[in-house]
Amino acid sequence: MSTDSIDRLLAAIEETPLVDHHVHGALTDDVARASLEELLTESDRPIPPWMTQFDSQVGFAIRRWCAPLLDLAPHAGADAYFDRRSELGTQEVTSRLLKSAGIGHFLIETGYRGEQIHGLAGMESISGAKVSEVVRLEAVAESLAGEGVSAADFADAYIARLAVVTQNAVGVKSIIAYRLGFDFAPERPSRDEVAKAAASWLRLVTAGYSLRISDPVLLRFLLWSGVDRGLPIQLHTGYGDPDLRLDRCDPLLLVPWIKLIEPYMVDVLLLHCYPFHRHAGYLAQVFPNVYFDVGLGINYTGVQSVQLIKESMELAPFSKILFSSDAWGPPELHYLGSRLWREGMKKVLGAWVRDGDWSEQDAIRIVQMVGRDNAERVYTLGGNSESRTA
Amino acid sequence: MSTDSIDRLLAAIEETPLVDHHVHGALTDDVARASLEELLTESDRPIPPWMTQFDSQVGFAIRRWCAPLLDLAPHAGADAYFDRRSELGTQEVTSRLLKSAGIGHFLIETGYRGEQIHGLAGMESISGAKVSEVVRLEAVAESLAGEGVSAADFADAYIARLAVVTQNAVGVKSIIAYRLGFDFAPERPSRDEVAKAAASWLRLVTAGYSLRISDPVLLRFLLWSGVDRGLPIQLHTGYGDPDLRLDRCDPLLLVPWIKLIEPYMVDVLLLHCYPFHRHAGYLAQVFPNVYFDVGLGINYTGVQSVQLIKESMELAPFSKILFSSDAWGPPELHYLGSRLWREGMKKVLGAWVRDGDWSEQDAIRIVQMVGRDNAERVYTLGGNSESRTA
Amino acid sequence: MSTDSIDRLLAAIEETPLVDHHVHGALTDDVARASLEELLTESDRPIPPWMTQFDSQVGFAIRRWCAPLLDLAPHAGADAYFDRRSELGTQEVTSRLLKSAGIGHFLIETGYRGEQIHGLAGMESISGAKVSEVVRLEAVAESLAGEGVSAADFADAYIARLAVVTQNAVGVKSIIAYRLGFDFAPERPSRDEVAKAAASWLRLVTAGYSLRISDPVLLRFLLWSGVDRGLPIQLHTGYGDPDLRLDRCDPLLLVPWIKLIEPYMVDVLLLHCYPFHRHAGYLAQVFPNVYFDVGLGINYTGVQSVQLIKESMELAPFSKILFSSDAWGPPELHYLGSRLWREGMKKVLGAWVRDGDWSEQDAIRIVQMVGRDNAERVYTLGGNSESRTA
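Because the structure is a prediction, the values reported are computed rather than measured.

A.B. asks: Break down the overall build of chain A for me, with residues and values.
C.D. replies: A tally of regular secondary structure across chain A gives 17 helices and eight strands. Computed over the C-alpha atoms, the radius of gyration of chain A is 21 Å, within 12% of the 21 Å expected from 2.2 N^0.38 for a compact globule of 390 residues. Dimensions of chain A, computed from C-alpha atoms along their principal axes, come out at roughly 65 × 50 × 35 Å. Of all 390 residues assigned to chain A, the portion counted as buried reaches 65%. Carbon and sulfur atoms make up 50% of the accessible area of chain A, which amounts to about 12900 Å² in all. Positive and negative side-chain charges of chain A, numbering 37 and 51 respectively, have mean locations separated by a distance of 2 Å.

Set out below in structure tokens:
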């Protein structure tokens, strides 16, 4: 073992095919400059005329890392980048960026604005990677409501439908963080409560209001139905668009619910977690069924994701940390998720190995665990993970 | 463009005249050693006899950076520093430190213990920089009470007085964080509520109690009057003296109010924010009218402000981050605000450029935006900002 | 003074005998591999079969730093490490690790599972260091209950017993964070309330339930009795096992209580504090009687403790920061507490001195203050601290 070189580590970081355990499809069609910029922020407000979203960490990271894949110099200007992107066309840009991401397996959550993005088959075909599905619990309920389910039938119909639509899924996802926050009553709601809440909701739907489900009882029912289904449960946690109340998305607020579901032996995957990733690391240490990632935050903090990655490697055992991009839409986000994670791991683990704090062999093993093996184990993906013995 | 050197970046960081968008006057008179130390902490308790406040990050930063401006070696001892400071006299020390700060424009908040510090004219004369005024909303109300306004007249009198005293101001400032915290009822209080609350408060004032305004209804009325006035609103956020309840000064608690005032198109500037600066960065990303700085925290964390500066450059678009010192009193604090920010930016952006993550040209542009241009745009200061196109 | 070398600083960091101001005994007996792993996490759940707790920052730190003290190469595998540990036997391993820690004085909290670990005499004998006792307030009450105290006598008996058992103690410790959280009613409970709460608790004890004290009124009574006793009060703060609600262990929630006890002139020592150490630093700046450490978190974040150490040196005056390991059980934790703190201080202060931000002489002084002198002053240990004048 050379103590002077970290070449083997750098190669492992670069070459390990990742499992992106929470991601969405890439856009199918061209977008205008303004729309592209609006997809590069979690804000749902228009970009003000006196600024460009390219002047942000994620914008700088796109110009640094994606520009060369479109045959431009690193740090090409935002206008030049957008022009080149339009010239090549969505199909070519998407193909280049997705293939360059080095993803072995995308676990794709299909429940958000699916008409604008590639589905499972499209993502598989354009990326060359394996794909599996993660089903959004709320979307299943909303589609039932759209079909005219009755309040009395809702609970049974939901359970039956969930079983059907998750037949080939590897996990489910809850966005209770967005709709309610984590300070909810942790207990399973009763059948009567659910029927009553469903009646109120479906009355509004029938009256022409949005399908959007936001009743606390119903959201808790969906979550518990997810527990009963037995697949790993992904929970949006922390940072997201202004719909959520960020202070109510702190994963520490989930503890009462986590304790209640411990006997069910279902894995809970806290997604993103910024700026509460240290809280997530604590939960991953003390609860055997809790995992987390710092996706989304990595993309939006750009070069500063190095610090985020470091902070994600504190309390949690390394078997409890996963990789994701949470990309939706612009394929730049799919590529950057992988690229910034690899760059960050090179800087963080590279320094630890160079200083003698970690061995190179251990560092390589942890890269493979976090980037691939942990997800293969949790979601039973049937990969060929290497040995995990220290 | 040289890829080996960051000389142009270092020069830009050193030479850009800054807009200190939230600052107070420097002391007019000499202070004793004990008083000086008490002005170097946010504590309002006496310094215990077994310690010196010079043994802190801000104390070390003063000895490192201010001592040479007083003709001492860097890291001169605290006693030697104080002696030399006394020998030169307040006028000379203040002049040296303020002129060395490289501030182009001070936006001075005048509402706190104004009798001990230079006013606008004094600051302009001793620093050679431009000065503009920021008016503290609570101070205007308290001066009305001191003049004997009646409860029935209070609301109208306040609005009229605010219009007069802000005629030449560039912004207003609220200290509702100190007096109430951010978990307040976000709605505009009714005229009746205000009159009733004013009656209670003014009855106490008449009975000889302090003018200090702390009634929740009145504080909310002042804040909404600030919104109506239309100038940018600065809000003390996070870290401050023991008067405040720090856990209630988390800017995430402001979200309901921020959403209510969005239609008014008024800019909200979250000041300081430590240790909630990541929360502020999130708000600055998702709400077009929210800005923030990490002043105050920079001074008090000394050399560790490098990390604070890095953490301030995560989610927020670069057009939403500003520079301030929040200095009050000792001119060391005015100088250090600028000096530590420049040193921190050199370390942070310098590393990013050297590693190839940012271009030098971009880094220079961001220095100018954060240090000057963003403030000139928000406060309409009429500066000659350079182009902001990527 | 050489400006090119930091050799004197490195020597001071390595050679200063530390006061470990909050620690417990080392295990007296051999432990099986599974038990050892369970002692290397704050989780109280069994380690799942698909992971090893050695694959964590603390596990890597043990293999890096403890392996050489057991005659193995750094980074020896977990199996090889455990085999060698068993081969040498607990007595030899404990002796080597404790003696290598360079602790001058252990302040040992004796209230937790004392039958499995060395007491004061055992720790003194096996480590060669001085030892002093810190008494856990809750343990004193529980032992009274075990002896059959009556509810009417409880308050007086507790005060009397506390006086006796703390006769030679240097401090007391509260675990109200675990049992209740910090959002408690801060006032001293009345005698009547205490008697009533004691009656309920003792009725359960008599009925055969656990001695475990968890009634809010009683916990507050113990804490106030600790204040009356006048010794420094240690408070478990932040991170710990899943018994606690981490979001309710934020030290900012203690402010109302801290303000109430200020007149009593009793020192409050916030232990661990992760991930709320920045909040603790704020409290240490603004309240003269508040101190803190980042023990426990240092061990569990391994090489990442460098960042934790940096973050602990922000707002707090350096006279308010202490060193602790919070080790309990495996002597690896006693050694690592010291080793990782020294390695972290070398990296953090070393960089500051090399960059010219701190003088080497100041850095040495701060190492001695944080590692030893502050504890000697707070607990009146009668050490020979060097001068603290800047």
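A.B. asks: So, the packing of helix α4 (residues 78-88) of chain A against helix α5 (residues 90-100) of chain A: which residues are in play, and what are the values?
C.D. replies: All names here are of chain A. Where α4 contacts α5, the two axes come as close as 5 Å, and the packing angle between them is 105°. Looking at the two axes, α4 sits roughly perpendicular to α5. From α4, Arg84, Arg85 and Leu88 reach across to α5, where they touch Thr90, Glu92, Val93 and Arg96.

A.B. asks: So what about the environment of Arg188(C)? Which residues, and what values?
C.D. replies: Residue and element names in this part refer to chain C. Summarising the element assignment, Arg188 is placed in the loop between α9 (176-179) and α10 (191-206). A residue is classified by how much of its surface remains accessible, and Arg188, at 38% relative accessible area, is partly exposed. Residues Arg188 and Gly208 lie 20 residues apart in sequence; the distance between their C-alpha atoms is 29 Å. Setting aside anything within four residues of it in sequence, one finds Arg188 in contact with Arg220, Trp224, Asp228 and Tyr264. A polar contact of 2.9 Å, which involves the side chain of Arg188, links it to the side chain of Asp228.

A.B. asks: Requested: an account of the interface of chain B and chain C, with residues and values cited.
C.D. replies: Listed per partner, the contact involves 40 residues of chain B and 38 residues of chain C. Here chain B meets chain C over a buried area of about 3400 Å², counting both sides, of which 55% is carbon and sulfur. Of all residues in chain B, Trp50(B), Asp55(B) and Phe60(B) give up the largest surface area on contact with chain C, accounting jointly for 19% of the area buried on that side. Lys347(B) is paired through a salt bridge with Asp355(C); the nearest N and O atoms lie 3.7 Å apart. There are 20 residue pairs in polar contact (both at pLDDT 80 or more) connecting chain B and chain C. Taken together, the elements giving at least two residues each to the side of chain B that touches chain C come down to α3 (57-66), α4 (78-88), α14 (297-301) and α15 (305-312) of chain B. Among the elements that make up the side of chain B that touches chain C, the one with the highest residue count is α3(B) (five residues).

A.B. asks: How would you summarise the relation of the copies chain B and chain A if you had to cite specific residues and measurements?
C.D. replies: Structural alignment of chain B on chain A gives an RMSD of 0.0 Å, achieved by rotating through 120° and translating 0.0 Å along the axis. What the rotation and shift describe, once combined, is the action of a three-fold rotation axis. Closest to the rotation axis within chain B is the C-alpha of Gln307(B), separated from it by 5.5 Å. Residue by residue, only 5% of the interface of chain B is reproduced at the interface of chain A, so the copies engage with different surfaces.

A.B. asks: Which residues make up the sheet that holds strand β4 (residues 169-174) of chain A, and what values do they have?
C.D. replies: All names here are of chain A. If you walk across this open sheet you meet the eight strands as β1-β2-β3-β4-β5-β6-β7-β8, and the pairing is parallel. The open sheet has two edge strands with one neighbour each: β1 (18-23) and β8 (321-322). Pairing geometry for strand β7 (residues 290-293) and β8, over two bridges, is parallel. Bridging from a neighbouring strand, Phe292 pairs with Ile321 of β8. Its contacts with the sheet place helix α7 (residues 137-146) against β3 (130-136) and β4, and it is angled at close to 65° to β3. Docked against the sheet, helix α11 (residues 216-229) engages β4 and β5 (233-237), running at close to 145° with respect to β5.

A.B. asks: Which residues make up the sheet that holds strand β3 (residues 130-136) of chain C, and what values do they have?
C.D. replies: Residues and elements named next belong to chain C. Taken together, eight strands build an open sheet; the order of strands is β1-β2-β3-β4-β5-β6-β7-β8 and the sheet is parallel. Of all the strands in the sheet, just β1 (18-23) and β8 (321-322) have a single pairing partner and so form its edges. Of the pairings in the sheet, the one linking strand β2 (residues 103-109) to β3 comprises five bridges and is parallel in character. Across the sheet, Leu107 pairs through a bridge with Ser132, a residue of β3.

A.B. asks: Now, about the pairing of strand β4 (residues 169-174) of chain C: what can you tell me, with residues and values included?
C.D. replies: Residues and elements named next belong to chain C. For β4, the buried fraction is high: six of the six residues fall into the buried class. When β3 meets β4, the two strands line up parallel, connected through four bridges. Note that in β4 the partner of Val134 across the bridge is Gly171. Direction of pairing for β4 relative to strand β5 (residues 233-237): parallel, over a ladder of three bridges. Note that in β5 the partner of Val172 across the bridge is Ile233.

A.B. asks: Please provide a residue-by-residue account of the domain arrangement of chain A, values included.
C.D. replies: Residues and elements named next belong to chain A. The domains assigned to chain A are domain 1 (10-29 + 107-378) and domain 2 (31-88). Here domain 1 packs against domain 2, burying approximately 1700 Å² in sum over the two surfaces, 67% of which is carbon and sulfur. We note a salt bridge from Glu332 to Arg85, for which the minimum N-O separation is 2.7 Å. Between domain 1 and domain 2 we count four residue pairs in polar contact (both at pLDDT 80 or more) in total.

A.B. asks: Lay out the layout of surface pockets in plain terms, naming residues and giving numbers.
C.D. replies: Over the atoms, a rolling probe the size of a water molecule traces out where space has been left empty. Quantified by volume, the largest pocket comes out at close to 1300 Å³. Contributing to the lining of the largest pocket are 37 residues, with Val306(A), Lys310(A), Lys310(B), Ala351(B) and Lys310(C) lying nearest its centre. Looking at the lining of the largest pocket, the elements with two or more residues in it are α15 (305-312) and α16 (331-354) of chain A, α15 and α16 (331-354) of chain B together with α15 (305-312) and α16 (331-354) of chain C. Broken down by element, the lining of the largest pocket gets its largest block of residues, six residues, from α16(A). Across the lining of the largest pocket, the residue classes break down as 17 nonpolar, six polar and 14 charged.

A.B. asks: Describe the packing of aromatic side chains, with residues and values.
C.D. replies: Applying the stated criterion across every chain, the model contains 48 aromatic pairs over all chains. When the centroid spacing of 5.7 Å and the interplanar angle of 70° are considered together, the rings of Trp224(A) and Tyr264(A) count as edge-to-face. Note that Trp224(A) is positioned in helix α11 and Tyr264(A) in the loop between α12 (255-261) and β6 (268-272), a separation of 40 residues in sequence. Exposure remark for Tyr264(A): the relative accessible area of 37% places this residue in the partly exposed category. Three or more aromatic residues joined by ring pairs form one cluster here, namely Phe60(A), Phe318(B), Trp352(B) and Trp358(B). Of note, Arg339(A) hangs over the ring of Trp65(A), and the distance from its end group to the ring centre comes to 5.7 Å. Directly above the ring of Phe60(C) sits Arg63(C), whose terminal nitrogen or CZ lies 5.3 Å from the centroid.

A.B. asks: If you had to explain the interface of chain B and chain A to someone new, which residues and values would you point to?
C.D. replies: With 38 residues of chain B at the contact, the number on the chain A side is 40 residues. Taken together, the two surfaces of chain B and chain A that pack against each other cover about 3300 Å², and 55% of this comes from carbon and sulfur. Where chain B meets chain A, there are six salt bridges. Across the chain B-chain A interface, the total number found is 20 residue pairs in polar contact (both at pLDDT 80 or more). At the level of elements, α12 (255-261), α13 (277-286), α15 and α17 (360-378) of chain B are the ones that each hand at least two residues to the side of chain B that touches chain A.

A.B. asks: Hey, could you go over α10(C) for me, with residue numbers and the actual values?
C.D. replies: Structural remark: α-helix, 3.6 residues per turn; residues separated by three or four positions point the same way. Residue and element names in this part refer to chain C. Here α10 spans 22 Å end to end across 16 residues, near enough to the 22 Å set by a 1.5 Å rise per residue. Those residues of α10 that sit buried are Val194, Ala197, Ala198, Trp201, Leu202 and Val205. The arc that holds every buried residue of α10, seen down its axis, measures 130°, which confines them to one face. Opposite the buried face of α10, by more than 90 degrees, sit the exposed residues Asp192, Lys196, Arg203 and Thr206.

A.B. asks: For the relation of the copies chain B and chain C, give the residues involved together with the corresponding values.
C.D. replies: Mapping chain B onto chain C is achieved by rotating through 120° and translating by 0.0 Å along the same axis, at an RMSD of 0.0 Å. The residues that chain B uses at the interface reappear at the interface of chain C in only 5% of cases, marking distinct surfaces.

A.B. asks: An account of helix α1 (residues 7-15) of chain A is requested, with residue identities and associated values reported.
C.D. replies: All names here are of chain A. Looking at α1, one finds that the buried residues are Leu9, Ala12 and Ile13. Taken around the axis of α1, the buried residues stretch over an arc of 100°, which confines them to a single face. Structural note: α1 exposes Asp7 and Glu15 on the side pointing more than 90 degrees away from its buried face.

A.B. asks: I'd like to hear about the pattern of salt bridges, residue by residue, with values.
C.D. replies: Enumeration over the complete set of coordinates arrives at 93 salt bridges over all chains. Each of Asp71(A), Arg84(A), Glu87(A), Glu92(A) and Arg96(A) takes part in one network of salt bridges that share partners.

Procedures and definitions
Residues numbered from 1 in each chain as written. Chains lettered and ligands numbered in written order. Predicted model: local features only at pLDDT ≥ 70, side-chain atom pairs only at ≥ 80, totals over all residues. Heavy atoms only, no water. Helix = DSSP H or I, 4+ residues; strand = E, 2+ residues; numbered from the N terminus. Rg over C-alpha atoms; globule rule 2.2 N^0.38 Å. Buried < 20%, exposed > 50% of the residue type's maximum accessible area, 1.4 Å probe, protein only. Areas by Shrake-Rupley, 256 points an atom, 1.4 Å probe, with all protein chains shown as cover. Lys, Arg positive; Asp, Glu negative; His and termini not counted. Charge placed at Lys NZ, Arg CZ, Asp CG, Glu CD. Axes fitted to C-alpha atoms, helices over the stretch in contact; angles between N-to-C directions. Parallel < 35°, antiparallel > 145°, perpendicular 65-115°, else oblique. Contact = heavy atoms within 4.5 Å. Polar contact = N/O pair within 3.5 Å; in protein donor to acceptor, adjacent residues only side chain to side chain. Buried area = accessible area lost by both parts, 1.4 Å probe. Salt bridge = Lys/Arg side-chain N within 4 Å of Asp/Glu carboxyl O. Least-squares fit on C-alpha atoms with pLDDT ≥ 70 in both. Pairing = 2+ DSSP bridges. Domains from an automatic or database assignment. 1 Å grid on protein atoms, 1.4 Å probe; cavity = no way out; pocket = protein on both sides within 12 Å on 5 of 7 lines; lining within 4 Å. Points joined across faces, edges and corners; volume = space filled by probe spheres on them. Nonpolar A, V, L, I, M, F, W, Y, C, P; charged D, E, K, R; others polar. Phe/Tyr/Trp six-rings, centres within 6.5 Å; stacked < 30°, edge-to-face > 60°. Lys NZ or Arg CZ within 6 Å of the ring centre and 35° of its normal. Expected span 1.5 Å × (residues − 1). Arc of directions from axis to C-beta.

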